[in-house]
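Listed below, chain by chain, are the residues.
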Amino acid sequence: MSGEISPDFAAEAVRACAWPRRLKQGPVRHIAPEELRAWIVHEDDRLLVVDKPGDVVCHPSKDGPWSSLAGAVREFGRLAAAHLVFRLDRETSGLVVFAKDGKTASRLQKAVQQRRVKKAYFAVLTGELTAPVTVDQPLGDDTGSPVFVKSAVVAPGTGQAAVTHFTPLAAGGGFTLARVTTETGRKHQIRAHAQWLGHGLVGDKIYGPDARLFLEFIDHGWTPALAEKLLLPRQA
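Rules of the game
Residues numbered from 1 in each chain as written. Predicted model: local features only at pLDDT ≥ 70, side-chain atom pairs only at ≥ 80, totals over all residues. Heavy atoms only, no water. Phe/Tyr/Trp six-rings, centres within 6.5 Å; stacked < 30°, edge-to-face > 60°. Lys NZ or Arg CZ within 6 Å of the ring centre and 35° of its normal. Helix = DSSP H or I, 4+ residues; strand = E, 2+ residues; numbered from the N terminus. Contact = heavy atoms within 4.5 Å. Pairing = 2+ DSSP bridges. Axes fitted to C-alpha atoms, helices over the stretch in contact; angles between N-to-C directions. Salt bridge = Lys/Arg side-chain N within 4 Å of Asp/Glu carboxyl O. Buried < 20%, exposed > 50% of the residue type's maximum accessible area, 1.4 Å probe, protein only.

(A) Structural view of the packing of aromatic side chains. Scanning the model with the defined rule gives zero aromatic pairs in all. Its end group placed over the ring of Phe-86, Lys-119 keeps NZ or CZ at 4.5 Å from the ring centre. The positively charged end of Lys-205 is found above the aromatic ring belonging to Phe-217, 4.7 Å away from the centroid.

(B) Inspection of the side chain of His-193 at higher detail. Mapped onto the elements of the fold, His-193 is located in helix 5 (residues 189-197). If near-sequence neighbours (up to four positions away) are discounted, His-193 is found in contact with Val-135, Gln-137, Leu-139, Val-153, Ala-162, Val-163, Thr-164 and Phe-166.

(C) Local environment of the sheet that holds strand 5 (residues 121-126). Across the sheet, four strands lie side by side as 5-10-9-6; this open sheet has antiparallel pairing. A strand with exactly one partner marks an edge of an open sheet, and here the two such strands are strand 5 and strand 6 (133-136). Shown here is a sheet whose adjacent strand axes are inclined to one another by a mean of 30°, direction ignored. Both strand 5 and strand 10 (residues 175-182) contribute to a ladder of six bridges, which runs antiparallel.

(D) Inspection of the pattern of salt bridges at higher detail. Within this structure, the stated rule accounts for ten salt bridges. Across the pair Arg-29 and Glu-35 runs a salt bridge, and its minimum N-O distance is 3.0 Å. Relative accessible area serves as the criterion here: at 25%, Arg-29 is assigned to the partly exposed category. Of the charged contacts in the structure, one is a salt bridge between Glu-91 and Lys-205, with a shortest N-O distance of 2.7 Å.

(E) Structural view of the pairing of strand 1 (residues 40-43). Relative to strand 2 (residues 47-52), strand 1 runs antiparallel, the two sharing three bridges. The residue of strand 2 that forms the bridge with Ile-40 is Val-50. A loop of three residues connects strand 1 with strand 2, the two strands running antiparallel in sequence.

(F) Geometry of the environment of Val-133. Within the secondary structure, Val-133 is located in strand 6. Spatially, the C-alpha atoms of Val-133 and Leu-197 are 9.2 Å apart, while their sequence positions differ by 64 residues. Sequence-distant contacts of Val-133, defined by excluding residues within four places in its chain, comprise Thr-164, His-165, Phe-166 and Leu-197.

If you want it as structure tokens, here you go:
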């Protein structure tokens, strides 16, 4: 057995060690019942739709039910379970749909998988996009990034197919407000495709100017230095 370390193993080790010990991201955000009440935009016997702000985790966490949207919805509605039909990244705001029973959840989740549910996003991009553009590029792990969860456009045949449509609504001053739709649902798809396009999302700590800014944020929180480089405290 050789005592040498292969270059591929060494690169993976460096990449891996930057992530696992930095799971905490500052103080835990707990949701107050009155906050959740104000976020509800629709509720009936089977569904609850919430307008999630950009600093709330969707999935349950180890920090108690009120530390995630799913847990808070379950507690607030006194439900046996709150079925998340689809999720949004922590720093992404927008409508999130919960089903109150398993049958409804199964039907809606199947509709999402079959692309019978249409979703649209609005994003502020760096640079001025002058015409609609479609990015049809496969996504896979960004093996050159110090952030283990980062995705990137990869060579054909080595990743998952991903298609994203960017339509500019307004542009000026070095920025673009765009409407974004997707034909696939890959991890960080819009953010990774926007970076590949050369128009990353403003405030994106991972897919912005330097992924190491995300590690800096985890270690030190939001700082004036990060504000200068990212402009906004979360991706827009």
